[in-house]
Structure formats: C-alpha cells, structure tokens
Amino acid sequence: MSKLTLVSHHLCPYVQRAAIALLEKDVPFERINIDLANKPDWFLQISPLGKVPLLRIEEEDGSEAVLFESSVICEYLEERQPGVALHPKHPLTRARHRGWMEFGSSVLSDLWGYETAQDADPLEAKRKALTAKFATLEGVLTDGPYFAGNDFSLVDAGFAPVFRYFDLFDTLGDSGIFEGLERVARWRKALSERASVRAAVGADYPQRLMEFLEKHNSILLRQAAAA
C-alpha cells in the first residue's frame, strides 16, 4: 500500500478538501503543516506553484510522486483509493459535479477578498458577490442533506471549508449573506455535523482564523468592535 503524506497549512481551505476526501475514504495518511510565510526549501523543490496542498505518494518499491492542486488530489483519491465513492457514476452527472467544484473555488476567491477587506466598499462588493453565488446554489440544491441528496460527494468536500469560515464570521456580525436561503442553511448544517469535516482542521482553527483577520487588519473585526 502506498504511503500518503498531505502537505498542509492550518487554515487552507483547499487542504481541507483533500483531508475530507482522505477521511471519507478512510485512507491512512500523515499530515505535515508548513508555514506559508516561511516556506521550507524542501517544499519549494516539490511544489511547482509554491502552494498547498501537496500529496506525496511513496510506493512500496521506493518510488515517489507528488500531486498538487486540491481537485487533482481528490480525483486521484477517487480513482485509486478504496472506500465509498465520492463522485456519481453517470458521466454527465459527474461532469456537472466537477463544474460545481470549480464554482466552489470561485466562492473561495470571493471569500479571500471578503475576509481581507480593510475598507467598507470592497467588503460590500464581496458580500454582494457571495450573496449572489449562494443564491445560485439555493436554486440547484435539492432537499439534501447534501449537495446531491443523501450521498456525500466531492462537491460537499469542496464547500464544507467555505461554510466553516462563517462559523467565525457569524460571531462578528450578521452579514445577511444567507438570508432566506433555507436549502443552503440546511446544507451548511449537515456539513458542519459530518465527522470528516470536523476532523479536517485542528481545534485551534478559530483562534488561527481570528489571528489571520487581525494580521490583515480586516474591517470585519473593526466593525464588530464598533458595534
């Protein structure tokens, strides 16, 4: 059996995607967290983009391969590792799921701008962008509990880290982003209760995220303090 090592960062949502897939597959793996502000030389030598996650695959014959990009890692795990299927069997449905995984990446991009905004105008622009995207999701979700009904999929693994941000953001104030989105709210709750989702981050995740907001002088913190 291959030895798998997930090269990680404590907060990275893309790492969480890969970790959730590994946990759902019940595949043994080691996790190594690095400091992205001070990337070690060994990491830069094996990461073409200088980003996490990486999946190091050590074969029994001593050979090693490295995969980068969370979607690629998740697809590899789906194709090569045993355990529950995380992609639908039908080719068209599977392709649609891949599209929604990319949609999740665009949500994460907006979230980056939202959490690092230092002024009200860029914050509001990203709030509106996020509101629109979650409204789009409301229109495609079924009765759940997951994206495609009863079966947990890689789309769920992709969106669980998105919703995790709001567990902290909601303590700072009501953004109104999820107002009236009953299916999204139900989906968010189901994902938050999933064992693999809970285990994808450390117990200190909220503290680390708060420190991240402070480091970036986020207006979210200043608005909360002024309220």
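It should be noted that the structure appears before, not after, this text.
Novice: Got a minute to help me understand the packing of helix α4 (residues 91-116) against helix α6 (residues 154-172) in this structure?
Specialist: A pair of packed helices is characterised by two quantities: the angle between their axes and the separation of those axes. One can describe the packing of α4 onto α6 by two numbers: an axis separation of 8 Å at closest approach and a directional angle of 20 degrees. On the basis of their axis angle, the class for α4 and α6 is roughly parallel. Remark: the crossing between α4 and α6 carries left-handed chirality. Contact residues: α4 offers H97, W100, M101, F103, G104, V107, L108, L111, Y114 and E115, while α6 offers L154, V155, F159, V162, Y165, F166 and F169. For the contact of α4 with α6, the residue count by class is 14 nonpolar, 2 polar and 1 charged.

Novice: I would appreciate a short explanation of the environment of D167 in the present structure.
Specialist: Position of D167 among the secondary structure elements: in helix α6. Sequence separation of D167 and P122 is 45 residues, and the distance between their C-alpha atoms is 21 Å.

Novice: I would appreciate a short explanation of the nonpolar core in the present structure.
Specialist: As a rule of thumb, nonpolar side chains are buried together in soluble globular proteins. Formed by 69 residues in total, the largest nonpolar core has its most connected members in L55, L111, F134, L137, F159, F166 and F169. The element that contributes the greatest number of residues to this core is α6, accounting for 12 residues. The contact partners of F159, leaving out residues within four places of it in the chain, are W100, F103, G104, V107, L137, W187 and L191.

Novice: Looking at this structure, I do not really get the layout of surface pockets. What am I missing?
Specialist: Here the idea is plain: a probe the size of a water molecule rolls over the atoms and shows the empty space left. Approximately 970 Å³ is the volume attributed to the largest pocket. Along its surface, the largest pocket is lined by 34 residues, and H9, C12, P13, L36 and W112 are the ones closest to its centre. When residues of the lining of the largest pocket are traced back to their parent elements, those giving at least two are α1 (13-25), α3 (70-80), α4 and α9 (205-215). Here the residues of the lining of the largest pocket are counted per class, giving 18 nonpolar, 7 polar and 9 charged. Empty space within the second largest pocket amounts to approximately 260 Å³. The wall of the second largest pocket is formed by 16 residues, among which F163, R164, D167, S192 and V197 lie closest to the centre.

Novice: Can you help me understand the environment of G149 in this one?
Specialist: Looking at the element boundaries, G149 is found in the loop between α5 (120-140) and α6. Separated by 69 residues in sequence, G149 and S218 have C-alpha atoms that sit 36 Å apart.

Novice: Honestly, the packing of α6 against helix α7 (residues 182-192) in this entry has me stumped. Any pointers?
Specialist: One way to put it is that α6 packs onto α7 with a least axis distance of 9 Å and a crossing angle of 95 degrees. Between α6 and α7, the angle is such that the two are roughly perpendicular. On α7, the residues that touch V155, D156, F159, A160, F163, F166, D167 and D170 of α6 are V184, W187, R188 and L191. When the residues that make up the contact of α6 with α7 are grouped by side-chain class, the tally is 8 nonpolar, no polar and 4 charged.

Novice: For this particular structure, what's the right way to read α5?
Specialist: Residues spaced three or four apart along an α-helix point in a common direction, a consequence of the helix completing one turn every 3.6 residues. Here α5 is 21 residues long and its end C-alpha atoms lie 31 Å apart, about the 30 Å a rise of 1.5 Å per residue gives. Regarding α5, the residues found buried are L123, L130, F134, L137 and E138. Buried positions in α5, seen along its axis, are confined to an arc of 100 degrees and lie on one side of it. Exposed side of α5, more than 90 degrees from the buried face: D121, K128 and G139 are the residues found there. Contacts from the buried residues of α5 go to α4, α6, α7 and α10 (219-226).

Novice: Help me understand the pattern of salt bridges, please; the structure alone is not making it clear to me.
Specialist: Two side chains that carry opposite charge are able to pair once their charged atoms sit near each other. Tallying each qualifying case throughout the model produces 13 salt bridges. When the shortest N-O distance is used, the salt bridge between D143 and R183 registers 4.0 Å. One end of the pair, D143, is in the loop between α5 and α6; the other, R183, is in helix α7, and 40 residues separate them in sequence. Residues D204 and R208 are paired through a salt bridge, measuring 2.7 Å at the closest nitrogen-oxygen approach. Judged by its relative accessible area of 29%, D204 is partly exposed.

Here is what the cut-offs are and how they apply
- Residues numbered from 1 in each chain as written.
- Predicted model: local features only at pLDDT ≥ 70, side-chain atom pairs only at ≥ 80, totals over all residues.
- Heavy atoms only, no water.
- Axes fitted to C-alpha atoms, helices over the stretch in contact; angles between N-to-C directions.
- Helix = DSSP H or I, 4+ residues; strand = E, 2+ residues; numbered from the N terminus.
- Parallel < 35°, antiparallel > 145°, perpendicular 65-115°, else oblique.
- Left-handed = near helix turned anticlockwise from the far one by under 90°.
- Contact = heavy atoms within 4.5 Å.
- Nonpolar A, V, L, I, M, F, W, Y, C, P; charged D, E, K, R; others polar.
- Core = buried A, V, L, I, M, F, W, Y, C linked by side-chain atoms within 4.5 Å.
- Buried < 20%, exposed > 50% of the residue type's maximum accessible area, 1.4 Å probe, protein only.
- 1 Å grid on protein atoms, 1.4 Å probe; cavity = no way out; pocket = protein on both sides within 12 Å on 5 of 7 lines; lining within 4 Å.
- Points joined across faces, edges and corners; volume = space filled by probe spheres on them.
- Expected span 1.5 Å × (residues − 1).
- Arc of directions from axis to C-beta.
- Salt bridge = Lys/Arg side-chain N within 4 Å of Asp/Glu carboxyl O.

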